Amino acid sequence: MRTDTTRPTDATTSSGTRTVHGVCHLCEAICGLLLTVESGPDGDRVTAVRGNPDDPLSRGHICPKGVALPDLHEDPERLRRPMRRVGTGADARFEPMEWDDALDLAADIVARGLDAGTNALAVYLGNPNAHALGSLTHGTALVKSLKTRNKFSATSVDQLPAQLVAHLLYGHQLMIPVPDIDRTSLFLVVGGNPMASNGSLMTVPDFPGRLRELKARGGRMVVLDPRRTETAKVADEHHFVRPGTDAYVLLAMARELLADELATPPAWVQEVESVRLAVEPFTPELAEGVSGVPAREIRRLARELAAADGAVVYGRMGTSTQEFGTVCQWAIQVLNLLTGNVDREGGALVTTPLVDVVGKGLVGRGHYDLWRSRVRGLPEFGGELPVSALREEIETPGEGQVRALLTLAGNPVLSTPDGAALGRALESLDGMVSVDVYLNETTRHADVVLPPTSALERDQYDLVFHALAVRNTARFTPAVLPAPEGTMADWEIYRELANRVQARVRKPLPRKERLTLKARMALSPARTIALLLRTHRAGVSLKKLRESGDGVDLGGLEPSFPRRLQTRDKRVHLAPDLVLADLPRLLEAADRKSGADDLLLIGRRHQRDNNSWLHTAQRLTRGKPRHHLLVHPDDLAARNILDGACVQVRSRVGAVEVEVRSSEEMMPGVVSLPHGYGHATHGSRVTNAAAMPGASVNDLTDPALLDVSGNAALNGVPVTLSPA
Ligand SMILES: Nc1nc2c(c(=O)[nH]1)N[C@H]1C(S)=C(S)[C@@H](COP(=O)(O)OP(=O)(O)OC[C@H]3O[C@@H](n4cnc5c(=O)[nH]c(N)nc54)[C@H](O)[C@@H]3O)O[C@H]1N2
Ligand SMILES: Nc1nc2c(c(=O)[nH]1)N[C@H]1C(S)=C(S)[C@@H](COP(=O)(O)OP(=O)(O)OC[C@H]3O[C@@H](n4cnc5c(=O)[nH]c(N)nc54)[C@H](O)[C@@H]3O)O[C@H]1N2
Ligand code: SF4
Ligand SMILES: [Mo]
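Residues numbered from 1 in each chain as written. Chains lettered and ligands numbered in written order. Predicted model: local features only at pLDDT ≥ 70, side-chain atom pairs only at ≥ 80, totals over all residues. Heavy atoms only, no water.

As annotated in an unreviewed UniProt entry, the protein chain carries the name Molybdopterin-dependent oxidoreductase and comes from Nocardioides acrostichi.

Structure follows, in structure tokens:
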């Protein structure tokens, strides 16, 4: 099967070596790259990667992961042929198979799942889907055609609260104002570590450079985090905050603004009085007792936000994957709105991307609680159920029980709460199909794994991340290398699966829908983008983007409210019932939070990691080990545990053994373990990863700990420590 992916073009040849534009798909920074490609007897090879200094967004930035892209491409353990599982349990092996047979087998399993009963097929979509054009254009269409309510994704272990709040306040789940970091004068980061993550819901390549510029302008960065992170270390101020208590701090800041008439919201913001009443109980003194952030600092920060000429509060994983994620995300928007910093230069603004996924309705505005999960009655959001419910939906008998699973680019065994138990549950399925490039801890449970071509072999346009970037730019990057004969691009796999499932299933889609699906699937991702560009903003065609190579600069973020607000009345209703109804729970939790003497577990990201899947690359896993549990020296001493010792960490759901490292970076009472480790204990088939030390933090996180949105509270998990 041939791919009709674009052939690489932009060559500056000299003796078999050429420089080609590329893009890094590993994180949200979407760095533009220049790759050196050498032609040899065995075909083309990428021999060097550097940042593209002429990229209007990333300006030459690159990190060690981008440099390692060729390692991933050439990794012998990256799958190039479909694999079928033979045998079960520990004896299971995988054998390569032909594409045609593999697609038939996969379609049989999916169709049988659909036929087994209402919602008996579940789907899980992992993080890399947002980074691959073909997944967005074709993967989403496949999933939609399956019409199952048991749809899960990494969203509910990540940014679901931010999407829910955007939906409630701005009328669209992806209308998320982005910090105007290039012009702000006060940047308050709450629970994010962009020095390691390069930003999230804020596409900000070259965060270190942009921060230097911010400081050179006289601007300041303040960080609230239970760990003195890489970002905290380069901040002007850092305050420890107890995990899961940010909501008290943020609401106390809002209260301070409202109590002292410092709020200056624009006219399109309504229900300010309701917010004033709702935040009244959340005094800075209450916040101090619970969070550890001094009341006077809370008051001062609120005042500085109000006084600054362009300020923005930015909250990420730490204020999303916690017990009060939705209240936190709401409070952050409230602070930015009350200080007049939403839709203002130097504050937070929505982007004006070339392909306007929000304005043109390419992605729905979102909906909440239209249905609930079968077993626990958890609310859907935007058609997805919380992934914390996946295991019980597989294991609980009855009408609607999940009997088959399709995973697309995901590793929920390592990335979702109580992943170990989920892994065991996967063994009880009637069938499982995975589209993935590795036999990871999850896909090793599949009956068949379908691997798409590598990222260097496919065209890319960042539909999602241009829409969340700190600057309006657009870039189309053709495939760097031709796809080898006998491989399939992701979108071709999705197209084949969709068609073959429809041909097999007892109740296929209505004829009209089937034809629409077929037509949509027939267009390549590049042609889909060309069409979208034609119907969206005038002036920039795919041809122009191809010619520019580096990408085109469309300028800084611009004010556009209330015109572009997606709410029906073009107003922001600041006091949604859903959020206000969670405030009594927050108030009640205050005693529990100040009294508890358990240690609280939080996560951690490292510049050389990327969720669960870069541990295959030697270049990224060499050097100082970074899997340790970080513990404050006082907490170690109190338990008679020595630095470097192996300890048992126990939570309500499970226990892991891991080495500790004494660290003054930690807030006393808080311990930190990175996610995406624990390959060995979860049966990884990939040699380098399986040899990595470390435990899976998600053997400790608890599927019962949820935010109102249904998002997992991965941070702030109570744990105990004892010598192993
Ligand atoms: N405790 C804890 N848990 C967390 C987090 C945390 O901070 N703490 N973070 C959460 C977050 S933010 C996220 S986004 C999730 C991520 O969770 P997941 O999305 O479930 O997992 P990833 O580790 O990103 O795994 C992605 C998989 O996709 C495969 N893959 C890579 N590229 C491609 C491709 O192009 N096509 C296909 N088909 N497959 C590909 C890789 O082999 C890998 O196995 O983890 C979440 N889990
Ligand atoms: N190198 C690298 N880059 C990545 C990824 C990666 O795995 N590696 N993953 C990508 C993905 S999928 C995502 S979603 C983004 C995430 O991007 P970020 O959110 O910037 O990354 P994290 O490191 O998870 O940052 C969360 C911070 O919250 C803190 N924290 C934990 N609990 C709390 C709390 O209760 N309150 C407060 N205030 N802080 C708390 C943690 O100490 C941590 O510093 O990164 C992306 N970029
Ligand atoms: S920051 Fe690193 S991983 Fe992220 S896009 Fe840039 S090069 Fe890739
Ligand atoms: Mo994420």
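1. What to know about the domain arrangement of the protein chain
Put simply, the rule is: An automatic or database domain assignment provides the domain bounds reported here. Any two residues whose heavy atoms approach within 4.5 Å are treated as being in contact. The buried area of a pairing is the accessible area, by a 1.4 Å probe, that goes missing from both parts when the two are put together, added over both. Each reported salt bridge corresponds to a side-chain nitrogen of Lys or Arg within 4 Å of a carboxyl oxygen of Asp or Glu. Think of a polar contact as two N or O atoms within 3.5 Å of one another; within protein, one of them needs to be a possible hydrogen donor and the other a possible acceptor, and neighboring residues in sequence only count if both atoms come from side chains. Under the scheme used here, helices are H or I runs from DSSP no shorter than 4 residues and strands are E runs no shorter than 2 residues, and both carry numbers assigned from the N terminus. Nonpolar residues are Ala, Val, Leu, Ile, Met, Phe, Trp, Tyr, Cys and Pro. Charged residues are Asp, Glu, Lys and Arg, and all others, Gly as well, are polar.
Domain boundaries assigned for the protein chain yield domain 1 (11-74), domain 2 (83-158 + 357-554), domain 3 (180-350 + 568-580) and domain 4 (597-723). Distance between the C-alpha centres of domain 1 and domain 4: 33 Å. Listed as interface residues are nine residues of domain 1 and, on the opposing side, 10 residues of domain 4. For the pair domain 1 and domain 4, the summed buried area comes to about 850 Å², and 65% of that belongs to carbon and sulfur atoms. Of all residues in domain 1, Pro64, Lys65 and Leu72 give up the largest surface area on contact with domain 4, accounting jointly for 53% of the area buried on that side. Connecting domain 1 to domain 4 are one salt bridge. Close ionic contact of arginine 619 with aspartate 71 constitutes a salt bridge, the shortest N to O distance being 2.6 Å. Where domain 1 packs against domain 4, one counts three residue pairs in polar contact (both at pLDDT 80 or more). Here the side of domain 1 that touches domain 4 gets three residues from one element, more than from any other, and that element is helix 1 (residues 64-67). Among the residues making up the side of domain 1 that touches domain 4, the classes are represented as six nonpolar, one polar and two charged.

2. Things to note about the site of ligand 2
Basically, it comes down to this: Being near a molecule or strand, for a residue, comes down to having at least one heavy atom within 4 Å of it. Where accessible areas are quoted, they stem from the Shrake-Rupley method and a 1.4 Å probe; at the residue level, only the protein chains shown are allowed to cover.
Ser197, Asp225, Asp246, Arg605 and Asp609 are the nearest of the 32 residues found near ligand 2. Here an oxygen atom of ligand 2 sits 2.6 Å away from a polar atom, N or O, in the side chain of aspartate 225. Surface burial for ligand 2 is 98%, taken as the share of its 920 Å² of free accessible area covered by protein chains. It is helix 6 (residues 194-197) that contributes the most residues to the shell around ligand 2, three residues altogether.

3. Comments concerning the pairing of strand 6 (residues 121-125)
What counts is decided by this rule: The cut-offs for exposure are 20% and 50% of the maximum accessible area for each residue type, with area from a 1.4 Å probe on protein chains only; residues under the lower value are buried, those over the upper are exposed, and the others partly exposed. Any two strands with at least two DSSP bridges between them are considered paired.
Within strand 6, five of the five residues are buried, which leaves the element mostly enclosed by the surrounding structure. Covered by surrounding structure in strand 6 are Leu121, Val123 and Leu125 together with Ala122 and Tyr124, the residues of both alternating faces. As paired elements, strand 6 and strand 17 (residues 404-408) share five bridges and run parallel to each other. Opposite leucine 125, over in strand 17, you have leucine 408 as the bridge partner.

4. Some thoughts on the side chain of aspartate 246
The residue aspartate 246 is located in helix 9 (residues 246-259) in this model. Given a relative accessible area of 5%, aspartate 246 falls into the buried group. Here glutamine 322 takes part through its side chain, which lies 3.0 Å from a polar atom of the side chain of aspartate 246. Not counting residues within four places of it along the chain, the set of residues in contact with aspartate 246 comprises Val190, Val241, Gly318, Thr319, Gln322 and Cys328.

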